[in-house]
Amino acid sequence: MGKTLYLECYSGISGDMTVGALLDLGADQKLLEEQLRSLPVSGFEIKISRVKKSGLDACDFHVVLDEVHENHDHDNDYLYGHEHTHEAHGHTHGGHSHAHVHSHEAHTHEHLHEAHGHTHGGHSHAHIHRGLREIREIIFNSGITERAKRIAQDIFQVLAEAEAKAHGTTLEEVHFHEVGAVDSIVDIVAAAVCLDDLDVDEVIVPEVYEGRGTVRCQHGIIPVPV
């Protein structure tokens, strides 16, 4: 018989916070590090340390991206109220041009800047918005346990169904943005590995705290909860 995990997240909880909490509960850190190394994605490392938060000792789990995979996505212009259109496949910012390439056949959404990436201070950045199929392949081809694979795939399935419903599209057409980034994939897979290691088969969240007000996103200003 497995264990029940009770999460009372009065101010929400992020992926890395979840992993830190599970490590504090006794999940095997060495096992986690070993299984994350088996992920068929590159450009990241993890740092696990002890930190003080409001005077309380806690485990801190942090995914560190290299400069190629760090999020410099121009789609984030919406956070500052900047218009960003995908209808034109070429435009100019500050004297240098940007080309946008959308490949739906391969279920990827790439922004290619300077022909092969996005240049910041001499560094090139590639942006890939993965679909559910690509993320499933990453999980399937990893070396994590079969149960951890199922947990991670179930999490992404729930996210994909919510995205599809919100945007009136199909699971096959859903493309994750922030959630499809390397750090988010590592967070979710890490949580799945820890849940498996702790033999958790049920999670109880008594109340979902969503907040109030409005938030600016790619679709404009919309009310919270989104």
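Since we're looking at a predicted model, the values are computed, not measured. (Residues numbered from 1 in each chain as written. Predicted model: local features only at pLDDT ≥ 70, side-chain atom pairs only at ≥ 80, totals over all residues. Heavy atoms only, no water.)

## Quick notes on the environment of Glu 33
Counted only if it meets this: Elements are defined by DSSP. Helices are runs of H or I of four residues or more, strands are runs of E of two residues or more, and each kind is numbered from the N terminus. Categorising residues by exposure relies on relative accessible area from a 1.4 Å probe, with only protein chains included: less than 20% of the type maximum marks a residue as buried, more than 50% marks it as exposed, and the intermediate range marks it as partly exposed. What makes two residues a contact is simply this: any of their non-hydrogen atoms within 4.5 Å.
Here Glu 33 shows up in helix 2 (residues 29–36). Among the residues examined, Glu 33 registers a relative accessible area of 24% and is labelled partly exposed. Each C-alpha atom, one on Glu 33 and one on Ile 48, is 9.6 Å from the other, the two residues being 15 residues apart in sequence. If we skip the residues at most four places from it in the chain, Glu 33 touches Ile 46 and Ile 48.

## With respect to a nonpolar patch on the surface
Rule in force here: For patches, a residue must show more than 30% relative accessible area and have no salt bridge; joins then use 9 Å for like charges and 5 Å for nonpolar side chains, namely Val, Leu, Ile, Met, Phe, Trp and Tyr. The Shrake-Rupley method, run with a 1.4 Å probe sphere, supplies the accessible areas, and residue values consider only the shown protein chains as cover. Between Lys or Arg on one side and Asp or Glu on the other, a salt bridge is scored when a side-chain nitrogen of the former is within 4 Å of a carboxyl oxygen of the latter.
On the surface, Val 203, Val 205 and Val 208 cluster together into a nonpolar patch covering about 250 Å² of accessible area. As for its placement among the helices and strands, Val 208 is situated in the loop between strand 10 (200–204) and strand 11 (214–217). Classification of Val 208 as exposed rests on a relative accessible area of 60%.

## A few points about the packing of aromatic side chains
The test is simple: Planes of paired rings set the category: under 30 degrees apart is stacked, over 60 is edge-to-face and the rest tilted, where pairs are Phe, Tyr or Trp rings (Trp by its six-membered ring) whose centres lie within 6.5 Å. Put simply, a charge is over a ring when the Lys NZ or the Arg CZ is close to the ring centre, within 6 Å, and near the line of the ring normal, within 35 degrees.
What the rule picks out here adds up to 0 aromatic pairs. It is Lys 149 that lies over the ring of Phe 140; its NZ or CZ is 5.5 Å from the centre.

## As for the layout of surface pockets
Heads up, the condition is: A 1.4 Å probe that fits into a set of points on a 1 Å grid over the protein atoms alone but cannot get out defines a cavity; an open set with protein on both sides within 12 Å along at least five of seven lines defines a pocket, and lining residues are those with an atom within 4 Å of a point. Grid points are joined across faces, edges and corners, and a volume is the space filled by probe spheres set on the points. Note on residue categories: nonpolar means Ala, Val, Leu, Ile, Met, Phe, Trp, Tyr, Cys or Pro, charged means Asp, Glu, Lys or Arg, and polar means any other residue, Gly included.
Counted as a void, the second largest pocket has a volume near 700 Å³. Sorting the residues of the lining of the second largest pocket by element identifies strand 1 (3–6), helix 1 (15–24), strand 2 (44–53) and strand 3 (56–65) as the ones contributing at least two each. With 6 residues, strand 3 is the single largest residue contributor to the lining of the second largest pocket. When grouped by side-chain class, the residues that make up the lining of the second largest pocket number 14 nonpolar, 3 polar and 6 charged.

## Side note on the confidence of the model for the protein chain
Selection criterion: As a per-residue quantity, pLDDT reports the predictor's confidence and falls between 0 and 100.
In this model, the protein chain carries an average pLDDT of 79, and 70% of its residues clear a pLDDT of 70 or more. Within the protein chain, strand 6 (residues 108–113) has the poorest average pLDDT of any element, 36, and helix 2 the best, 97. In the model, residues 84–126 has pLDDT below 50 throughout and makes 93 contacts with residues more than four positions away in sequence or in other chains.

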